[in-house]
Amino acid sequence: MSTKVEATIEDLYKVEGKAELVNGEIILMSPTGILPSYAAGEIFSSLREYSKRQKYGRAVTDSAVFVVNLPHRRSFSPDAAFYVGEATGMKFFPGAPVFAVEVRSENDYGPRAEREMAKKRADYFAAGTLVVWDVDLLSEDVVQVYRATDPVAAKVYHRGEIAEAEPAVPGWTMAVDDLFPTE
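Residues numbered from 1 in each chain as written. Predicted model: local features only at pLDDT ≥ 70, side-chain atom pairs only at ≥ 80, totals over all residues. Heavy atoms only, no water.

Novice: Before we go on, may I ask you to explain the sheet that holds strand E5 (residues 75-76) in this structure?
Specialist: For sheets, the rule is that strands pair by backbone hydrogen bonds, running either parallel or antiparallel. Pairing in this open sheet of 3 strands is mixed, and the strands run E5-E4-E7 from one edge to the other. With one partner strand each, in any of the chains shown, E5 and strand E7 (93-94) form the two edges of the open sheet. Sheet analysis places strand E4 (residues 66-67) next to E7, joined by 2 bridges and oriented parallel. Following the sheet pairing, Phe66 is matched in E7 by Phe93. (Pairing = 2+ DSSP bridges. Helix = DSSP H or I, 4+ residues; strand = E, 2+ residues; numbered from the N terminus.)

Below, the structure written as structure tokens:
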């Protein structure tokens, strides 16, 4: 007879690399390639400039952990985020970001991946996130903006358009073209 021991947030502090705590297990997240990394970095940079200019909130980079208290999920680690809660020094962020960005990597395609992404968006909204971006650099629908007020219907932005994250990041916008490196 074996007994499974559920992982804790304390266990997550010991993990090297990006991970989330879901269903009592630490889920390691694979590193990303050039395009997803570039896009996440550009989103973070734009949010950081907004935060400095507005003196409001915090732009958050990849690999940061947000601790939540859902029945089956204890943390998120988005590719970029915006947070307006309390500062915790060296500890993980308490609570969900108001805005979370998930940039698709090469393994984030197909029916199973779509179901997983939809479940994760639902978790974000259940935890208090207001807006989630699903960034797909291989699609014409580059940025899909989901909101807690209508979590199923996305507002879609294409290259040549300006995306937003209202109401989570008031007045902030970003050109979709900036998600792609200039060659």
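Novice: Hey, could you run me through the nonpolar core in this one?
Specialist: Nonpolar side chains in soluble globular proteins tend to end up buried together. Residues Ile43, Phe99, Trp133, Val143, Trp172 and Leu179 are the most contacted members of the largest nonpolar core, which totals 30 residues. Within the residue set of this core, elements represented by two or more residues are helix H2 (34-54), strand E6 (80-83), strand E8 (99-103), strand E9 (131-135) and strand E10 (143-147). What Leu179 contacts, discounting residues up to four positions off in sequence, is Tyr38, Ala39, Ile43, Val135, Leu137, Val142, Val143 and Met174. Within the second largest apolar cluster, 15 residues are counted, among which are Val60, Phe66, Ala81 and Ala96. (Core = buried A, V, L, I, M, F, W, Y, C linked by side-chain atoms within 4.5 Å. Buried < 20%, exposed > 50% of the residue type's maximum accessible area, 1.4 Å probe, protein only. Contact = heavy atoms within 4.5 Å.)

Novice: Is there a simple way to explain the pairing of E8 in this structure?
Specialist: For a regular strand, the rule is simple: side chains alternate between the two faces of the sheet. Counting buried positions along E8 yields 5 of 5 residues, so the element is predominantly enclosed. The alternating pattern of E8 places Phe99, Val101 and Val103 on one face and Ala100 and Glu102 on the opposite face, and all of these are buried. For E6 and E8, the ladder comprises 3 bridges, and the chain directions are antiparallel. Looking at the pairing, Ala80 lines up with Val101 of E8. One ladder, built from 5 bridges, connects E8 with E9; its direction is parallel. Considered in E9, the bridge of Val103 is made with Val135.

Novice: In this structure, what is going on with the environment of Tyr146? I would like to understand it.
Specialist: If you trace the backbone, Tyr146 turns up in strand E10. Under the relative-accessibility criterion, Tyr146 is labelled buried at 8%. It is 22 Å that separates the C-alpha atoms of Tyr146 and Pro71, two residues lying 75 residues apart in sequence. With near-sequence residues (within four places) excluded, Tyr146 lies in contact with Arg121, Phe125, Leu130, Val131, Val132, Asp134, Pro151, Val152, Ala153 and Ala154. Within the local environment of Tyr146, its side chain forms a polar contact with the side chain of Gln144, the two groups lying 3.1 Å apart. (Polar contact = N/O pair within 3.5 Å; in protein donor to acceptor, adjacent residues only side chain to side chain.)

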